[in-house]
Number of protein chains: 2
Amino acid sequence: MKTYLECIPCFFKQGIESAKILGATKDQQKQIVDEIAKTIPCFPLDSSPPEMGKIVHDIIKKVLKADDPYKQLKQESNQIALSIYKKLKQKVINSEDKLLTGLHLSIAGNIIDYGANHNVHPEREVLKILDSKNTILNKRHFHYLAFKKRLEKADLILFIGDNAGEIVFDKILAEEIKNLYPAKKLVYAVRETPIINDITTEDALFVGMDETAQIISSGSDIPGTLLSRCNDEFLSLFHRADIIISKGQGNFETLADKNLSVPLFFLLTVKCPVVGDKLNAKIGDFILKPL
Amino acid sequence: MKTYLECIPCFFKQGIESAKILGATKDQQKQIVDEIAKTIPCFPLDSSPPEMGKIVHDIIKKVLKADDPYKQLKQESNQIALSIYKKLKQKVINSEDKLLTGLHLSIAGNIIDYGANHNVHPEREVLKILDSKNTILNKRHFHYLAFKKRLEKADLILFIGDNAGEIVFDKILAEEIKNLYPAKKLVYAVRETPIINDITTEDALFVGMDETAQIISSGSDIPGTLLSRCNDEFLSLFHRADIIISKGQGNFETLADKNLSVPLFFLLTVKCPVVGDKLNAKIGDFILKPL
């Protein structure tokens with residue numbers, strides 16, 4: 001997905017909100033904004049928004065002199081999400097269609113994102129959302145049968161993760177897939193280096209995702225999956241997998257519109273109007289959609 | 001009022017939305033965005049947002065090679081507002097407190113603004129708002145008695161206008177003031193040169209405001225009233241007036257926090273969260289507040 005002009009105010013908004021969350025002084029916040037402004041004329045609009053996201057966050061890292069400014073927030077997200085793991089698990093156990101519930105939970109976990117919005121530590125909010133009778137799964141956006149059919153036939157499943165905290169919700173889905181299909185191979189891909197609150201190997205190990213899936217780094221250093229920046233191991237799996245589960249907006253923005261012909265399903269909540277327009281959906285909608 | 005970092009994404013948003021409304025091509029829109037980005041590092045945050053508004057719109061004028069790109073939109077706004085003039089007048093005539101209704105209408109007309117939001121030609125929307133029982137005048141924001149008391153004692157009234165279309169609603173208020181107090185002198189101040197859809201002498205004459213008030217230019221070339229950019233005639237009136245009515249967010253942003261001690265009342269609808277925070281009000285609130 002290319003960058004729309006409407007994304008540009010949002011880059012500034014994210015930069016400012018991130019700077020504030022990370023405790024930047026007023027002078028540092030202004031410095032960050034000025035540096036972002038200087039990059040705008042050079043940023044090609046046919047690039048994806050997550051590529052600008054990397055530029056914005058590299059600026060933040062440089063100004064704050066921190067390699068992983070979200071480290072503590074990620075740890076807290078993971079811990080809070082783990083604290084409700086048993087409740088999430090119980091939801092699956094108590095449900096009629098456990099795979100559907102697992103998908104529902106994994107997508108709901110995508111609400112946790114400091115990239116597109118800044119509801120700090122919303123993990124507990126997810127339970128309220130799940131209990132809300134308003135979460136209707138619109139068949140226009142939620143292609144469950146197609147997903148299930150593809151999953152049943154798959155031997156190799158590639159699951160591309162997104163954010164800290166959310167990974168615990170992914171774990172619930174991954175465990176359910178392994179319960180249903182113990183023989184299938186499940187690989188969970190994380191980012192190569194810290195970027196915003198996206199997951200790295202450290203997060204995956206911390207929440208115990210390695211108990212359910214093989215953990216690999218995609219090689220990506222941006223808050224998305226740009227294939228030209230991924231490593232060979234990931235690319236090989238990407239092209240061999242019988243089903244690919246892609247979580248979140250960043251992965252959607254970098255994998256959509258690329259003329260790929262892989263069996264990929266996007267799982268995300270819509271968090272911005274540009275992505276909403278692209279998917280013909282509105283903010284808050286739950287998406288399970290094939291490429 | 002200084003510029004907050006949160007205003008910066010909004011400058012881009014306004015620039016893009018304005019460019020679209022004015023029919024800029026995609027390349028022109030990108031050029032406008034790039035030019036705005038180049039000005040950000042040089043823009044002092046202790047300046048007011050309308051000063052940046054002028055910079056943004058000068059860029060738009062330059063790229064579109066147009067001195068008054070909003071000319072047609074202003075004409076349409078004035079014409080549409082005039083088409084409901086009689087209905088507005090009837091509302092005043094039918095009301096118990098005609099001055100209060102006049103104030104209410106004048107503030108409601110402030111919804112019409114391409115600076116802060118882009119509800120194109122919302123003049124007819126104003127009638128719906130006025131009819132809505134939800135428009136509650138919150139005493140915290142609506143200092144009617146103080147205004148009335150000051151008005152009663154005034155000989156010279158300076159009314160600083162804001163937008164095209166809205167000026168017709170101001171005319172309703174101005175006419176009511178003259179009905180109540182025929183001997184008082186009323187001066188209505190407009191912008192010196194076209195800026196966004198702010199009113200100039202041409203608009204004031206077109207809607208017949210000169211039948212009720214003396215029309216002067218403040219000398220301002222920005223979408224606000226920065227006293228350092230105003231002419232001597234305006235400044236003399238500003239410092240001599242017994243009551244000053246200041247319409248809209250732009251005039252508020254340039255006249256608040258200036259340690260002025262003049263008998264000024266701000267009349268506006270809150271259209272952005274930064275101004276809302278400043279006034280301890282929310283978007284959509286009707287404000288009648290002394291300096």
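Per-chain numbering applies: the sequence of each chain, read as written, is numbered from 1 onward. A letter from A marks each chain and a number from 1 marks each ligand, given out in the order of writing. Where totals are concerned, whole chains, interfaces and linings use all residues; where local detail is concerned, this predicted model gives features only for residues with pLDDT of at least 70, and gives and counts side-chain atom pairs only at 80 or more. Side-chain calculation: all heavy atoms of the structure are included, whereas hydrogens and water are not.

A word on the relation of the copies chain B and chain A
Step number 1: For the pair chain B and chain A, the relating rotation is 180 degrees, the translation along its axis is 0.0 Å, and the fit reaches an RMSD of 0.0 Å. As the rotation angle and translation indicate, the two copies are arranged about a two-fold axis. Residues of chain B ranked by C-alpha distance from the rotation axis are headed by Pro9 of chain B, positioned 2.1 Å from it.
Step number 2: Note on contacts: a residue pair is in contact if any heavy atoms of the two residues lie within 4.5 Å. Counting the interface residues of chain B, we find that 100% of their copies in chain A are interface residues as well, pointing to one common contact surface. All copies are superposed by least squares; the fitting set is the C-alpha atoms of residues with a pLDDT of at least 70 in both.

Side note on the interface of chain B and chain A
Step number 1: Between chain B and chain A, the contact holds 18 residues from the first and 18 residues from the second.
Step number 2: As used here, buried area is the combined drop in accessible area, with a 1.4 Å probe, of two parts when they are placed together. Roughly 1600 Å² of surface becomes buried between chain B and chain A when both sides are summed, with 76% attributable to carbon and sulfur atoms.
Step number 3: Among the residues chain B hides against chain A, the three largest losses belong to Leu5, Pro9 and Lys30 of chain B. Together they make up 32% of the total.
Step number 4: Salt bridges are counted wherever a side-chain nitrogen of Lys or Arg sits within 4 Å of a carboxyl oxygen of Asp or Glu. Viewed at the interface, chain A and chain B are joined by two salt bridges.
Step number 5: N or O atoms within 3.5 Å of each other form a polar contact, as long as, within protein, one can give a hydrogen and the other can take it, and as long as residues adjacent in sequence are counted only when both atoms are side-chain atoms. Counting every contact that joins chain B to chain A gives four residue pairs in polar contact (both at pLDDT 80 or more).
Step number 6: At the level of secondary structure, the elements contributing two or more residues to the side of chain B that touches chain A comprise helix 1 (7–21) and helix 2 (26–39) of chain B.
Step number 7: Residue polarity follows a fixed list, in which Ala, Val, Leu, Ile, Met, Phe, Trp, Tyr, Cys and Pro are nonpolar, Asp, Glu, Lys and Arg are charged, and the others, Gly among them, are polar. When grouped by side-chain class, the residues that make up the side of chain B that touches chain A number eleven nonpolar, one polar and six charged. Numbering of helices and strands starts at the N terminus; helices are DSSP runs of H or I of at least 4 residues and strands are runs of E of at least 2.

Some thoughts on the pairing of strand 1 (residues 156–160) of chain A
Residue and element names in this part refer to chain A.
Step number 1: Only protein chains enter the accessibility calculation, which uses a 1.4 Å probe; a residue whose area is less than 20% of its type maximum is buried, one above 50% is exposed, and one in between is partly exposed. Counting buried residues in strand 1 gives five out of five residues, a clear majority hidden from the surface.
Step number 2: Residues Leu156, Leu158 and Ile160 of strand 1 are buried on one face, and the alternating residues Ile157 and Phe159, pointing to the opposite face, are buried as well.
Step number 3: Pairing between two strands is assigned when DSSP locates at least 2 bridges connecting them. Where strand 1 and strand 2 (residues 185–190) come together, five bridges link them in parallel fashion. Paired with Leu156 across the strands is Lys185, a residue of strand 2.
Step number 4: Place the viewer so that the strands point away; then a crossover is right-handed whenever the path from the first strand over the helix to the second strand goes clockwise. In this region the chain leaves strand 1, passes through helix 9 (residues 166–180) and returns to the parallel neighbour strand 2; the handedness of that crossover is right-handed.
Step number 5: Here strand 1 pairs with strand 4 (residues 243–247) via four bridges, running parallel.

Things to note about the nonpolar core
Step number 1: Each nonpolar core is a collection of buried residues, namely Ala, Val, Leu, Ile, Met, Phe, Trp, Tyr and Cys, held together in the definition by side-chain atoms within 4.5 Å. In terms of nonpolar packing, the biggest core is built from 104 residues, with Phe12, Leu158 and Phe238 of chain A together with Phe12, Leu158, Phe234 and Phe238 of chain B touching the most fellow members.
Step number 2: Setting aside its immediate chain neighbours within four residues, Phe238 of chain A contacts Leu158, Ile160, Leu227, Ile244, Leu255, Leu260, Val262 and Leu264 of chain A.

What about the packing of aromatic side chains?
Each aromatic ring pair is specified by the distance between its two centres and by the angle formed by the two planes.
All names here are of chain A.
Step number 1: Stacked, tilted and edge-to-face pairs are distinguished by plane angle, under 30 degrees for stacked and over 60 for edge-to-face with tilted covering the rest, among Phe, Tyr and Trp rings (Trp via its six-membered ring) whose centres lie within 6.5 Å. Scanning the model with the defined rule gives eleven aromatic pairs over all chains in all.
Step number 2: Judged by centre distance (6.2 Å) and plane angle (80 degrees), the ring pair of Phe11 and Phe43 falls under edge-to-face. Of this pair, Phe11 sits in helix 1 (residues 7–21) while Phe43 is found in the loop between helix 2 (26–39) and helix 3 (49–64), placing the two residues 32 residues apart along the sequence.
Step number 3: Among the residues examined, Phe11 registers a relative accessible area of 4% and is labelled buried.
Step number 4: Residue Phe43 is classed as buried on the basis of its relative accessible area of 8%.

As for the sheet that holds strand 6 (residues 286–290) of chain B
Residues and elements named next belong to chain B.
Step number 1: Across the sheet, which stays open at both edges, the six strands sit in the order 3-2-1-4-5-6 with mixed pairing between neighbours. Of all strands in the sheet, those bounded by a partner on one side alone are strand 3 (214–217) and strand 6. Adjacent strand axes in the sheet meet at a mean angle of 20 degrees, parallel and antiparallel pairs treated alike.
Step number 2: Note on definitions: angles span 0 to 180 degrees between N-to-C directions of axes, and those axes are lines fitted to C-alpha atoms, for helices only across the stretch in contact. Contacts from helix 12 (residues 248–255) reach strand 1 (156–160), strand 4 (243–247) and strand 5 (264–269) within the one sheet, and its direction differs from that of strand 5 by about 140 degrees.

Notes on the side chain of Arg191 of chain B
All names here are of chain B.
Step number 1: Along the chain, Arg191 turns up in the loop between strand 2 (185–190) and helix 10 (201–206).
Step number 2: The class of Arg191 is buried, set by a relative accessible area of 1%.
Step number 3: At 3.2 Å, the side chain of Arg191 forms a polar contact with the backbone oxygen of Gly224.

Worth remembering: the numbers are spatial, not functional.
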